[in-house]
Every structure is written in C-alpha cells, then in structure tokens.
Amino acid sequence: MRKVLALLGFAMAFAPVIGSAQTVAQAVSIEKLNLSAGTGVLRKVIARGDRVYVLDAQNHHVLVVKNGSTVTIGGIGNGPADLYQPFDLAVDSQSRIYVQDHGNKRISIFDDKGTSLGGFPDTPKSLGLAVTRTGEVLLGQPQLGSLISAYDKSGHRIRSFGALVRPSEIYGPSYKRFDANVAMFNRVRIATDDDGNIWAAFAYMPLVCKFSPAGQLLMRKKLEYPELAQVIASVGVQPPSDAFASMNMDGVQLTMVTRDIEYEPHSRRVLVLLGNERTLVLDNAGRDVSGFRPAKFVGNLQNVWMRESGEVLFTVYASPAVYHAAVIR
Amino acid sequence: MLGFGVAQFVAAHRGETPIPQTAHQWQVIAVGSVEYDAALIHTISSEVAQRKKPQASLGAVVFATDTPQIIDEYVKRSAPRATILALRNNVETARRTLGVVDTQSQLYLLDPAGKVVFRGGKPRASDLKLLLQRYLPVAGAPQEPLKVGDSFRLPGVTNVRTLTSIAPPASPLLGIVFTGRCTACALETHMGTAKAVERAIEKRARQAGETPALLFTSYFNPNNLRSRVNDLGFHLDAYQVTADLPAIDDLVQRDGLDVVIVETNAAGQVSRLASLNDFLQNILEVKE
C-alpha cells in the first residue's frame, strides 16, 4: 500500500496541478427524505428549484416530484417513451430530461411531461452523462480515444476531448497490465458549471479534471486524502474489497475511487463524492473548500446533490429511499 | 415474427417436452442459468400458473445455459411450469429465431402473433412482473408485500449445512433473509457482508431476546449454499425455505432488496422490517 501511495505523486503535464488541502470532513446526520412518491431502487437524485428528479432503476422510470405531485416518465419497455435499466440522468436548463437508457442502449430525451423528444444510440456504452448550457450532450466514452464526447440531440458527434491517462501513470508499474485496456480506467462522471466548464471525476483513479467549454484542459487535481488510501489500494485487486462499492463497466469489477461529481450553482461549488462516503466541496479552481461525510453508515452512497438551501440529497446503492442532510457551507 | 411455436428444439433431459404450439398465447422466453437466474425462472413459473384460468394465456420456454446434469437436478427439485431446454443443444435454432449469440441472460416477450414486444438483457424477476403487468395483467388484488404486523410463518425449511428437513427457527426471530433476487450477488457479496457483521447481529439478537438465523429462499442451489456457508464459517444457524414466500417476493418487487432483515415477536408477527442498509446503519459507524 505504501508503494501505491508513493506512486501517486505522478507528474502532470499541460495543466496546473492543484494540491489537496487537508480539510476536515464535517460529519452530517443523514435521514430518509419523505418524497411522497412510490420508489424502487434509486440510482440518482437531482433537484432543480422546487422539483426533485429521481431515477428509479427498479421500476425503469424517472419520477419528477413537485409539491407532492409526481409525474412518471418512462416505464419498462423498448418503445421510444420506454426505459429499460436506466443508469444515469441529467436535466437541462429547459427542464428536458436526459436518460442513459442502459438496457435499450440509447440516450433518451423527454420533456418535463414525459413526452419522448427522441434520442440516439449510446454506442459505445457510456458512463458519465451531462448537458451543457448550449445543449450539447456529453458522454464519457473513453473507447473513442478521448475522455468525453459531445453530441447534438440527434446523436451527431460534434467533438471529443480529454487525453486518456494510463493507469500505470497513476498507480505505478504494477498496473501496466491494465495499460492495454486504458479506456477501462478512464471512465468518468461529468458535471458542467455556470461558465460552461466541464468537470470530470475519474471513477477508478484519484483524479479530477476541469476542461474549458472548448474542451481544453484547465486543471488536474490529484486526490491525496489519507483516508482514500484504502479505497485506492483495492482498485484492480481481485476480488475488490467488500468494504467499498465497486462497478463492472467493461468486464472487470473495479472499486470506485470517485462515485459522482456535481456542480452546485448557488454557491458555485463542485461536489465530488469519493469512494469512502466523503464528499469534497471544491471551489472554481478545484481547491478544497470543505467536505462532509455521514455521521453514521447508511450504505454506500452513489450520488450527491446540493440544493440552493444547502440541503444535500443522496442516493444509496440498492436503496429505495432518498436521503438528505443539512450541511453548513 | 418468429413463428416460434413450430421451431424444433432438441430435448436434453428426460423431463423435457417439445415446445408447445403457441397460437393465441403470449410467450415468455428466457435465456439464463437455472442456478443464478432461479428467481427469474421461478417467477416465470408462477406467472404462467396465474394465467392458467379460464384458459392458458401465457406459455414459457427457458433456454438454460447450464450443463444437462444441473438442469436435470433443477427440474427435479423445482418442477418448473416453463419448458426448460439446454441452450447448448439448441444454439443454432436460438440464434436463428431469437438472435441469441452468447450465454448472457435475456428475456423476450412475444405476443400471440409471435411478434417480439420486448427484448432485454440481464433481466430480473421484477422486470418480468412489470412487463406482464403492462402487457398481460391479471385480474384481482395483487399480493401485498410483507409488512409489520403480518404473520411470518415459514412453510418448511431445511438445514443448509446438512440439507435435511428441520423445524423452523423459533420466534422471536431475527432473520437475515437472502431473497434470491440475485443469487450470485448474495453468494459473492451479501453473504460476505453478513459474515463481517455476524457478531453485531448476534449481539443485537441477544439484546432483543431474539433467535438470530440466516434464511435463504428456495431460489438458491442448496449445494452452492452449503459450500458458501461453510467457507465463510458462519456461526449462525442457516435455513433454506423449501416453498414460496410470496410476501417476500413482493417486497423484492417493490424495493428491489437482496437482503431483508425480518424481526418477529413471540407470536411470530413481524415487529420490524429493514433493508440490510438500514440494519447496518443501526449497528455500524461510517467507514473513515
């Protein structure tokens, strides 16, 4: 483990490297949120104003909850307005809903009433979905040779950007065996900020990047938190430790170093959910501002979202509940 | 259109029958393992049974990816209402009629005209129920998921370690119920998690005056279960339920839970019901 940690001091070219200030993670009390909506196993929660969007993978639909009333979008099936095993969710400024419809191998787009607005094939299979202010759909598709690809709503690829990072650069020579399958280690979650910048958190490496709206690398941040060492040490180990959540995207089960990244527009902060239940709060330059973690274990967190009020929403692996917490910013 | 009813398939074991003619009947077709997709195959059976009257409206065929010996054992043990065929003996026909090119689990729903109305990979039992609720609903009130206050009687159990029939665990009970929603997940992950917190489970049960026990639904292969329980070195008593637990199945359908914690009072009524996450929340501190 010591060797792995030592090798984390890798050199980054072409962009400033931001160090990791050791902020104390605030322990927050997490409670179930009563949404007044029936739910199955949830995968993601997003809040916009008075609306809460919930991705229910168990029932293959998205619930839009507003003032106690619920609109259901999707439902099991192969038709244009159906979903099957949905995996990720994004909402744009026009309240259009974008779903990575994993089982139907497509990106599906809906209006806020649930009417299908079309979509396009999710090929090759993506991890990481976001929408820019200009309406581009961003997908993490390292199989195409870059971290992220941008599509229009018809599915035409506009551009790809972000250089892939070899696992051995991060983890050292013992990970050279994974270098031939570099795409597998370059799975990212994506968020966009109010300036149009694009943030990417690497699922399997301790790394966060920020790109300009044009796709130019602006910042790379190493995640060197001591408590993350155990998570990092189990990446690529077979089988992964039961202690941390893992995911199989490309045929290999790997521990997740980061699980989510989101932008909170009111405080202009970026939230990065780490593989050990801690959430980093970063400023626009990627510097640590604060952090928080659950005071008690509620299961492996998989998604974090902060509302204007500072209330934080979570989903938990295999749980049918949305959890929330009050966080002092 | 598949014209599936006239397809010719090869019987792999003595329990197999030819594919029935399927005119005027919906048809569920699954590709999967009788061991690891047992919950799905069991659900197919029960959905077929529910649609027997006034006339059979649903047929089912499962292309099992297992060896003939494992398929034979499963058919003897479970008496499924679906026709179970060995995929290995029907590769070409399955490829030609369904486009099956590998052993990944698949689910198809065909309407009475033979048109595929749904096709999906890695299906769960709850997916089939949702599909049939949409396309071929049955009349009558649906079964209620298990809830606090319900009686929790186990119809019959075997000792996982000896594979022999024994008396069910006594109430008050603290049951760690492995639902079989994903048997592979339970064997590979959730049982390990339960083992890691076994002492905490025993302590909790002691404090509450409850009998702690591991409970497994009938969807698990008993031999695999015995090996895993022994490998992990559990101290807790381990039971496999030999009949259906529909109220648990419906809980799984609603909440998608792989493991459910069921606590009962002395009268055998459910006093507390929790997901594994919620249970762990009460007995563990956050990892940091």
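Residues numbered from 1 in each chain as written. Chains lettered and ligands numbered in written order. Predicted model: local features only at pLDDT ≥ 70, side-chain atom pairs only at ≥ 80, totals over all residues. Heavy atoms only, no water.

Trainee: Would you mind showing me how to read the overall build of chain A here?
Mentor: Helix and strand counts for chain A come out as 3 helices and 28 strands. Relative to the compact-globule value of 20 Å for 329 residues, chain A shows a C-alpha radius of gyration of 18 Å, a close match. Counting only residues that meet the buried cut, chain A has 62% of its 329 residues in that class. Of the contacts formed within chain A by residues at least 6 apart in sequence, a portion of 48% connects residues at least 24 apart. Looking at chain A as shown, the accessible area adds up to about 11,800 Å², and 52% of this sits on carbon and sulfur atoms. The centroid of the 35 positive side-chain charges in chain A is displaced by 4 Å from the centroid of its 29 negative side-chain charges. (Helix = DSSP H or I, 4+ residues; strand = E, 2+ residues; numbered from the N terminus. Rg over C-alpha atoms; globule rule 2.2 N^0.38 Å. Buried < 20%, exposed > 50% of the residue type's maximum accessible area, 1.4 Å probe, protein only. Contact = heavy atoms within 4.5 Å. Areas by Shrake-Rupley, 256 points an atom, 1.4 Å probe, with all protein chains shown as cover. Lys, Arg positive; Asp, Glu negative; His and termini not counted. Charge placed at Lys NZ, Arg CZ, Asp CG, Glu CD.)

Trainee: Where do I start with the overall build of chain B in this structure?
Mentor: From N to C terminus, chain B includes 9 helices and 12 strands. Burial analysis of chain B (288 residues in total) assigns 56% to the buried set. Taking all contacts inside chain B whose residues are at least 6 apart in sequence as the whole, residues at least 24 apart take part in 73%. A total accessible area of about 12,700 Å² is found for chain B, and carbon and sulfur atoms account for 51% of it.

Trainee: Can you help me understand the state of the cysteines in this one?
Mentor: Put plainly, two cysteines are in a disulfide when a covalent bond ties their sulfur atoms together. Residues and elements named next belong to chain B. In the structure shown here, the tally under the stated rule is 1 disulfide over all chains. Bridging Cys182 to Cys185, the disulfide has an S-S length of 2.1 Å. Linking Cys182 and Cys185, the disulfide has an S-S dihedral of approximately 75° and is accordingly described as right-handed. (Disulfide = S-S within 2.5 Å.)

Trainee: In this structure, what is going on with the environment of Val298 of chain A? I would like to understand it.
Mentor: Position of Val298 of chain A among the secondary structure elements: in the loop between strand S25 (288-294) and strand S26 (301-306). Those residues in contact with Val298 of chain A that sit more than four places away from it in its chain are Ile30, Val316 and Tyr323 of chain A together with Asn277 and Gln281 of chain B.

Trainee: Whenever I open this one, the packing of aromatic side chains confuses me. Can you help?
Mentor: Where two aromatic rings form a pair, the distance of their centres and the angle of their planes describe that pair. All names here are of chain A. Considering all chains together, one arrives at 13 aromatic pairs over all chains under this definition. Centroid distance Phe178 to Phe185: 4.9 Å. Interplanar angle 45°. Geometry classified as tilted. You'll find Phe178 and Phe185 in the same group, each marked buried. Members of the aromatic cluster, joined through ring pairs, are Tyr171, Tyr175, Phe178, Phe185 and Tyr204. Its end group placed over the ring of Tyr175, Arg177 keeps NZ or CZ at 5.5 Å from the ring centre. Note that Arg278 overlies the ring of Tyr225, its terminal NZ or CZ placed 4.9 Å from the centroid. (Phe/Tyr/Trp six-rings, centres within 6.5 Å; stacked < 30°, edge-to-face > 60°. Lys NZ or Arg CZ within 6 Å of the ring centre and 35° of its normal.)

Trainee: Explanation requested: the pairing of strand S16 (residues 188-192) of chain A in the structure shown.
Mentor: Residue and element names in this part refer to chain A. In terms of residue burial, S16 counts as a mostly covered element, since 5 of its 5 residues are buried. By the alternation rule, side chains of S16 split into Val188, Ile190 and Thr192 and Arg189 and Ala191, which are all buried. Looking at chain direction, S16 and strand S17 (residues 198-202) are connected through 5 bridges and run antiparallel. Bridging from a neighbouring strand, Thr192 pairs with Ile198 of S17. (Pairing = 2+ DSSP bridges.)

Trainee: I would appreciate a short explanation of the packing of helix H1 (residues 38-50) of chain B against helix H4 (residues 125-135) of chain B in the present structure.
Mentor: Think of two packed helices as two axes; the pair is described by the angle between the axes and how far apart they sit. Residues and elements named next belong to chain B. Two numbers describe how H1 lies on H4: the axes approach to 8 Å, and their chain directions differ by 30°. When the interaxial angle is binned, H1 and H4 end up roughly parallel. Contacts from Ala39, Leu40, Thr43, Ile44 and Glu47 of H1 reach H4 at Ala125, Leu128, Lys129 and Leu132. Classifying every residue of the contact of H1 with H4 gives 6 nonpolar, 1 polar and 2 charged. (Axes fitted to C-alpha atoms, helices over the stretch in contact; angles between N-to-C directions. Parallel < 35°, antiparallel > 145°, perpendicular 65-115°, else oblique. Nonpolar A, V, L, I, M, F, W, Y, C, P; charged D, E, K, R; others polar.)

Trainee: Sorry, what's going on with the interface of chain B and chain A here?
Mentor: Accessible area lost on assembly of the parts is the figure often given for the size of an interface. Across the contact, 33 residues belong to chain B and 35 residues belong to chain A. Each partner contributes to the roughly 2,700 Å² buried at the junction of chain B and chain A, and carbon and sulfur atoms together form 44% of this total. Joining chain B to chain A, the criterion identifies 1 salt bridge. For the pair chain B and chain A, the number of links is 11 residue pairs in polar contact (both at pLDDT 80 or more). For the side of chain B that touches chain A, the elements supplying multiple residues, two or more each, are strand S5 (116-121), H4, helix H5 (183-196), helix H8 (246-255) and helix H9 (276-283) of chain B. Partitioning the side of chain B that touches chain A into residue classes produces 10 nonpolar, 11 polar and 12 charged. (Buried area = accessible area lost by both parts, 1.4 Å probe. Salt bridge = Lys/Arg side-chain N within 4 Å of Asp/Glu carboxyl O. Polar contact = N/O pair within 3.5 Å; in protein donor to acceptor, adjacent residues only side chain to side chain.)

Trainee: Would you take a moment to explain the pattern of salt bridges for this structure?
Mentor: When charged atoms on two side chains of opposite charge get close, those side chains can pair. The final tally for this structure, using the stated rule, is 27 salt bridges over all chains. Residues Glu198 of chain B and Lys195 of chain B are paired through a salt bridge, measuring 2.6 Å at the closest nitrogen-oxygen approach.

Trainee: How do you make sense of the nonpolar core when you look at a structure like this?
Mentor: One recurring pattern in soluble globular proteins: nonpolar side chains tend to sit buried together. Ile148, Tyr171, Phe185, Tyr204 and Val272 of chain A are the most contacted members of the largest nonpolar core, which totals 51 residues. Among the elements that make up this core, the one with the highest residue count is S17 of chain A (5 residues). Apart from residues lying up to four places away in sequence, Val272 of chain A is in contact with Ala201, Val208, Thr258, Asp260, Ile261, Arg278, Thr279, Leu280 and Leu282 of chain A. If you look at the next biggest cluster of nonpolar residues, it comprises 29 residues, including Ala30, Leu130, Leu131 and Leu132 of chain B. (Core = buried A, V, L, I, M, F, W, Y, C linked by side-chain atoms within 4.5 Å.)

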